[in-house]
Amino acid sequence: MEKIVSLCKRRGFVFPSSEIYGGLGSTYDYGHYGVLLKQNVKGEWWRAMLRERDDIVALDAAILMHPRTWEASGHLEGFTDPLVDCRTCKLRFRADHMEQSACGRKPSKAPGETPDCDLTDARDFNLMFETTLGPVKEDGTTVYLRPETAQGIFVNFKNYLQFSRKKPPFGIAQIGKSFRNEITPGNFVFRTREFEQMEMEFFVPPDEAPTWFEHWLEQRMSWYTELGLRPDHLRLRAHAEDELSHYSSATSDVEYLFPIGWSELEGVANRGDFDLSQHAEFSGQKLEYVDTASGERYVPHVIEPAAGADRAALAFLVDAYDEDDVGGEPRTVLRLHPRLAPVKVAVLPLVKKDGQPEVAAQIHRELRARMSAEYDEGGAIGRRYRRQDEIGTPFGVTVDHQTLEDRTVTVRERDSLEQERVPIAELGDELERRLRAPWSSPKLARI
Ligand code: GAP
């Protein structure tokens, strides 16, 4: 993980937030390449949810919602973690994370393991951030930063039945920020207090819920493997009865083998009719599906694949990180799936003279209309390749003296390091063909 964190900072993927003020606990800013990577992760999610299906529609709901939402959803009462204070070192810990936590005085020990530790009993701590709506704090209404995007979908269910002409089974998908005042955030962007979720609520006739649950487990596992995550680093883990959230009758986590061990990447839950029934009760509105032909009416059950965009991006980074040797020189390379790579192609003149920069710049202008492309003419060619390898650019196009004679360039592949001469006239089509081709991690071959 330290290597990933350092590469992310060095190459402008992720920075600690407000760093000039010493940072703010576990908040991060995405730099240029991080923005492009996360954008591609979200784009692939939208592609799988919307473009490749016709039974899901999109939503972008407000972060601030009516406070009754959180009474109905159970978050006001139950979205808590057990908190333990240490009276000696003044640190706070999650009672169920004590073994992974470090004592404030003696970080090699867990809290409670030294004679100086003076721990309180565990008490429930609500993870929702509060703020006040309106200009006068004292007179304002307390509202909450949403701790999950899902509730924005449930409160819009009625709107969607009316306008979208969909009937169950159908889904509503949303990507957006969520906030949780985590007691023990950490492990880089794995657990933060502000993060982006990619959630889809799939409304189904009650008797079809178990079948759709299996469908979404399979779909979501395939999504990660098709985007290059090594299958042996991915697994499904069903929640035990006592682990289930208050709304869930069955949940399975997609887990990835992070450097911190197997950890949740995404949860797929059968939420039953809990949310629609609760919002119906609290709002006084009927939230049910009525079949106009048969007159049949029911409250749909919900299957929810809930992923984190930051956590997915981190998993793709971890899976992609590699070190090898090129011509006797060590190289760090991100073997990202080409569809996820922030930059698809770098155009590099071999030397900064003889008309090569002008030709390369022209090629770059043409390519960038079709894909994310960079032009770089500064420094030795080897150094420029290394830089592109570190940000995961799958293709390097080099303009050399032969280009000026026969209008061909070399295309270098990041993974195989193979170089092939391609006519400039065919370059865009050729790169697009390669970007569409199936890809699997070269790290797999080493197992
Ligand atoms: N609506 C259901 C729900 O929110 P969750 O398992 O609490 O379920 C879904 O969250 C996903 O959101 C997680 O699998 C994870 O990827 C991401 N996530 C949750 N808390 C997070 C945090 N503090 N930091 C980063 N990502 C988080």
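Details of the structure are given in the entry above.
S.K.: What am I meant to see in the overall build of the protein here?
M.R.: Looking only at helices and strands, one finds 13 helices and 23 strands in the protein. Overall, the protein is about 75 × 70 × 50 Å in size when its C-alpha atoms are taken along their principal axes. Residues classed as buried in the protein amount to 51% of the 447 residues present. Taking as baseline every contact in the protein between residues at least 6 positions apart, the subset at least 24 positions apart corresponds to 65%. For the protein, the exposed surface amounts to about 21,300 Å²; the carbon and sulfur share of it is 49%.

S.K.: When you look at the environment of Leu-37 in this model, what are you seeing that I'm missing?
M.R.: Relative to the helices and strands, Leu-37 is located in helix α2 (residues 32-51). Residue classification places Leu-37 among the buried residues on the basis of a relative accessible area of 2%. For the pair Leu-37 and Val-343, spaced 306 residues apart in sequence, the C-alpha to C-alpha distance is 8.7 Å. When neighbours within four sequence positions are excluded, Leu-37 is seen to be in contact with Phe-13, Ala-313, Leu-317, Leu-336, Leu-340 and Pro-342.

S.K.: Which parts of the structure should I look at to understand the packing of aromatic side chains?
M.R.: Aromatic rings considered in pairs are described by the distance between their centres and by the relative angle of their planes. All told, the structure shown has 16 aromatic pairs when counted by the stated rule. Here Tyr-160 and Phe-163 contribute two aromatic rings whose centre-to-centre distance is 4.9 Å and whose plane-to-plane angle is 75 degrees, an arrangement assigned as edge-to-face. Residue Tyr-160 and its partner Phe-163 are both found in helix α6 (residues 157-163); the two are separated by three residues, about one turn of the helix. Take Phe-163: its relative accessible area is 53%, and that puts it in the exposed class. Seen in terms of ring centroids, Phe-202 and Trp-212 are 4.7 Å apart; in terms of plane orientation they differ by 55 degrees. Their pairing is tilted. Linking Phe-202 in strand β10 (residues 194-204) with Trp-212 in helix α7 (residues 209-226), this pair joins segments that are 10 residues apart in sequence. In this structure, Phe-202 and Trp-212 share a single accessibility class: buried. Ring-pair connections join several aromatic residues into one group, and the members of that group are Phe-154, Phe-157, Phe-170 and Phe-203. Lying over the aromatic face of Tyr-30, Lys-38 brings its terminal NZ or CZ to 4.4 Å of the ring centre. The aromatic ring of Trp-223 is capped on one face by Arg-220, whose charged end is 4.5 Å from the ring centroid.

S.K.: Would you take a moment to explain the site of the ligand for this structure?
M.R.: With respect to spatial proximity, 21 residues lie near the ligand, and among them Glu-148, Arg-180, Thr-192, Glu-199 and Glu-264 are the closest. Arg-271 places a side-chain nitrogen or oxygen 3.4 Å from a nitrogen atom of the ligand. Here a nitrogen atom of the ligand and a side-chain polar atom of Glu-304 are 2.9 Å apart. Here the ligand, which alone exposes 550 Å², has 91% of that area covered by the protein. For the shell around the ligand, the secondary structure elements donating two or more residues are β10, β13 (261-272) and β16 (301-308). By residue number, the principal contributor to the shell around the ligand is β13, which donates five residues. Here the residues of the shell around the ligand sort into seven nonpolar, four polar and 10 charged.

What counts as what
- Residues numbered from 1 in each chain as written.
- Predicted model: local features only at pLDDT ≥ 70, side-chain atom pairs only at ≥ 80, totals over all residues.
- Heavy atoms only, no water.
- Helix = DSSP H or I, 4+ residues; strand = E, 2+ residues; numbered from the N terminus.
- Buried < 20%, exposed > 50% of the residue type's maximum accessible area, 1.4 Å probe, protein only.
- Contact = heavy atoms within 4.5 Å.
- Areas by Shrake-Rupley, 256 points an atom, 1.4 Å probe, with all protein chains shown as cover.
- Phe/Tyr/Trp six-rings, centres within 6.5 Å; stacked < 30°, edge-to-face > 60°.
- Lys NZ or Arg CZ within 6 Å of the ring centre and 35° of its normal.
- Near = heavy atom within 4 Å.
- Polar contact = N/O pair within 3.5 Å; in protein donor to acceptor, adjacent residues only side chain to side chain.
- Nonpolar A, V, L, I, M, F, W, Y, C, P; charged D, E, K, R; others polar.

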